[in-house]
Amino acid sequence: MIVTVNGQDHTLVDGATVRALVTALDLPDEGVAVAVDGVVVPSSGWDEARLDAGAEVDVLTAVQGG
């Protein structure tokens, strides 16, 4: 299935979870925020939150700075 992540299409297996997406994008477990179709998914729910084909996903990562 295809989902859109930050404006770019990504192919995932049907029924993939948010955790699978974060892993596929090689992102860390901490310092990452994910919203699916405009709804924030807390990291505690990544294993249960399934993505649907055509989902619009926004991924934000924290950046250190001063």
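Every value quoted in this text rests on a predicted model; they were computed, and no experiment measured them. (Residues numbered from 1 in each chain as written. Predicted model: local features only at pLDDT ≥ 70, side-chain atom pairs only at ≥ 80, totals over all residues. Heavy atoms only, no water.)

Q: Hey, could you run me through the sheet that holds strand E5 (residues 56-61) in this one?
A: Note on sheets: strands pair through backbone hydrogen bonds, and any given pair is parallel or antiparallel. Read from one edge to the other, the open sheet built from five strands follows the order E2-E1-E5-E3-E4, with strand pairing classed as mixed. Looking at the sheet topology across the chains shown, the edges are occupied by strand E2 (8-11) and strand E4 (39-41). Geometrically, the sheet is characterised by an average inter-axis angle of 35° between neighbouring strands, direction not taken into account. The pairing of strand E3 (residues 32-36) with E5 spans five bridges and is classified as antiparallel. Its bridge partner lying in E5, Ala33 is registered against Leu60. (Pairing = 2+ DSSP bridges. Helix = DSSP H or I, 4+ residues; strand = E, 2+ residues; numbered from the N terminus. Axes fitted to C-alpha atoms, helices over the stretch in contact; angles between N-to-C directions.)

Geometric values such as these leave the question of function open.
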